[in-house]
Amino acid sequence: MPVAFRIRCCLCAKNIPLRGDVIALDGEWQRRYSDMVGTLACERCVIDRGWNFVAGHIAAPEDQVDVDSWSHHLDRGTHRALVNLYPRSGMLQGAEPYLRWLAVDRYTLPEVAARLREALEEFDARAGRSGAVQLATA
């Protein structure tokens, strides 16, 4: 059974409502809000903190027209989908136990598990922890 978790918004640090989507933000958001913890945000913050094009701007991905803050969303989706796509942010924002569980769950696709284990090992190294990725307890 999956481990329950809540994601804290990278901008306001409040839990993102489970009924709401999570929005992954790019480097321009990080430049403008240097105190962000991770890159996964709630919709309310994304709407309230919108901005227009300014000097020093980091360009949006090549496949997007770059006009304002809405050009700098990487993905939008469920909590589980976004922490799977952005595990480094997910670990910083409250999904570490879930990602540890998913990395060792027997039903996780091998390539997904390998990617998660790599992110977890990097996370542990930065935190000064050592050892193999282990199953988290709830």
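Quick caveat: nothing in here was measured; it's all calculated off a predicted structure. (Residues numbered from 1 in each chain as written. Predicted model: local features only at pLDDT ≥ 70, side-chain atom pairs only at ≥ 80, totals over all residues. Heavy atoms only, no water.)

(A) Structural view of the overall build of the chain. Each helix and strand counted, the chain has six helices and three strands in total. Tracing the chain from N to C terminus, the helices and strands come up as β-α-β-α-β-α-α-α-α. Split into buried and exposed, the 138 residues of the chain put 41% on the buried side. Summarising the internal contacts of the chain: among those between residues at least 6 apart in sequence, 56% fall at separations of at least 24. Entry remark: accessible area of the chain is about 8000 Å², with carbon and sulfur atoms responsible for 53%. (Helix = DSSP H or I, 4+ residues; strand = E, 2+ residues; numbered from the N terminus. Buried < 20%, exposed > 50% of the residue type's maximum accessible area, 1.4 Å probe, protein only. Contact = heavy atoms within 4.5 Å. Areas by Shrake-Rupley, 256 points an atom, 1.4 Å probe, with all protein chains shown as cover.)

(B) The pairing of strand β1 (residues 22-25), seen in detail. In β1, alternate side chains face the same way, and those of Val22 and Ala24 on one face and Ile23 and Leu25 on the other are all buried. Strand direction decides the pairing type here: β1 and strand β2 (residues 40-42), joined by three bridges, are antiparallel. Following the sheet pairing, Val22 is matched in β2 by Cys42. Bridging between β1 and strand β3 (residues 73-77) involves four bridges; their strand directions are antiparallel. Bridge pairing links Leu25 to His73 in β3. (Pairing = 2+ DSSP bridges.)

(C) Representation of the packing of helix α5 (residues 96-104) against helix α6 (residues 110-126) in the model. Packing of α5 against α6 leaves a shortest axis separation of 9 Å and a crossing angle of 135°. Accordingly, the angle class assigned to the pair α5 and α6 is oblique. Crossing of α5 against α6: the hand is left-handed. Contacts between α5 and α6 involve Glu96, Leu99, Arg100, Leu102 and Ala103 from the former and Ala113, Leu116, Arg117, Leu120, Phe123 and Asp124 from the latter. Taken together, the residues of the contact of α5 with α6 sort by class into seven nonpolar, no polar and four charged. (Axes fitted to C-alpha atoms, helices over the stretch in contact; angles between N-to-C directions. Parallel < 35°, antiparallel > 145°, perpendicular 65-115°, else oblique. Left-handed = near helix turned anticlockwise from the far one by under 90°. Nonpolar A, V, L, I, M, F, W, Y, C, P; charged D, E, K, R; others polar.)

(D) Representation of unusual backbone geometry. With phi around 70°, Ala13 is a residue other than glycine that occupies positive phi space. Note on placement: Ala13 falls in the segment before β1.

(E) Structural view of the nonpolar core. In this structure, Leu11, Leu25 and Val83 are the most contacted members of the largest nonpolar core, which totals 33 residues. Counting residues per element, the ones that place at least two in this core are β1, β2, α2 (43-48), α3 (79-85), α5 and α6. If sequence neighbours within four positions are ignored, Val83 has contacts with Phe5, Ile7, Leu40, Gly90, Ala95, Tyr98 and Leu99. (Core = buried A, V, L, I, M, F, W, Y, C linked by side-chain atoms within 4.5 Å.)

(F) Quick look at the packing of aromatic side chains. Taken as a whole and assessed by the stated rule, the structure comprises three aromatic pairs. Stacked on the ring of Tyr33, the Lys or Arg Arg49 has its end atom at 5.6 Å from the ring centre. (Phe/Tyr/Trp six-rings, centres within 6.5 Å; stacked < 30°, edge-to-face > 60°. Lys NZ or Arg CZ within 6 Å of the ring centre and 35° of its normal.)

(G) Quick peek at α5. Burial analysis of α5 places seven of its nine residues in the buried class, the great majority of the element. Among the residues of α5, Glu96, Tyr98, Leu99, Arg100, Trp101, Leu102 and Ala103 are the ones counted as buried. If you follow the buried residues of α5, they end up packed against α3, α4 (87-92) and α6.

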